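Here are the chains, one letter per residue:
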Amino acid sequence: MTSFAENGQPQAETPAATLRGRAAEARSNDDAVLNAAREVFVEQGFNAPMSAIAERAGVGVASIYRRYQSKDQLTLELRLRALHHVIDIARRIAAEPGDFAVQGFMQRHLAEAASPLATTFGKHVLRDPSVDAAAEELRQALEALIDLDRQRDLVPNDYNAGELMLAITHLRPSIPAERERVVELGLRQLDHYLIGLKHSAKHPEAVRGNPLTWNEWVEFNSAD
């Protein structure tokens, strides 16, 4: 589980390679539970029983509840893990942006990141200070790389982090196919999207409506 300092900010986890004995076993079991939970929730939805997750992970139900007291806590940890993974992708791209930072981020996201949790859980994932803090980290990381492209006239001036994440959602629909084919289709649609994005940078009048705000994006991915 993600740990937090007294100020509420996430602390860096100890790299798995440095763990020994029971600590290494606990980390391995936790990874197995979280990976199994995501798979089961994707297949069966939020109402999937914890017993199905335990069976997939090869652990007992009691061991899951010792780590996560409720399904809400388990899904919260999944959401935090997903957010921090995307933050890491954004920061890596911003550090080495190449010719088109938004393109680099979206390509890597489509190839590496797991499916959006909002499409799996709907409105079941509750708001939490740790999620809000991670969401703000993500916003800042995305705005940093978008700004690189704004300066090069590759994206419209009003293009923002919320619209970038909304595009990712559209480019990652639930498709009953092998992951390799899903990624291939996503990257193909991304090519179409990026051509249009570059065009709208030079012709902003061609785009209708107001941009999605980051607060709207956060609300879309939170419980009522």
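Everything below is about the structure shown above.
Figured I'd write up the structure that's included with this text.

What counts and how
Residues numbered from 1 in each chain as written. Predicted model: local features only at pLDDT ≥ 70, side-chain atom pairs only at ≥ 80, totals over all residues. Heavy atoms only, no water. Phe/Tyr/Trp six-rings, centres within 6.5 Å; stacked < 30°, edge-to-face > 60°. Buried < 20%, exposed > 50% of the residue type's maximum accessible area, 1.4 Å probe, protein only. Helix = DSSP H or I, 4+ residues; strand = E, 2+ residues; numbered from the N terminus. Contact = heavy atoms within 4.5 Å.

One pass over the full model with this rule turns up one aromatic pair. When the centroid spacing of 6.2 Å and the interplanar angle of 15 degrees are considered together, the rings of phenylalanine 41 and phenylalanine 46 count as stacked. With relative accessibility at 14%, the residue phenylalanine 46 sits in the buried group.

Its location among the elements puts glycine 196 in helix 9 (residues 179–202). Glycine 196 sits in the partly exposed class, given a relative accessible area of 36%. Residues glycine 196 and valine 155 lie 41 residues apart in sequence; the distance between their C-alpha atoms is 9.7 Å.

Moving on to the environment of leucine 34. Position of leucine 34 among the secondary structure elements: in helix 1 (residues 21–44). Sequence separation between leucine 34 and isoleucine 53 is 19 residues; the distance between their C-alpha atoms is 8.7 Å. Look past the residues within four positions of leucine 34 in its chain and what remains in contact with it is Tyr68, Leu74, Glu77, Leu78 and Arg81.

Taken by themselves, the reported measurements are silent on function.
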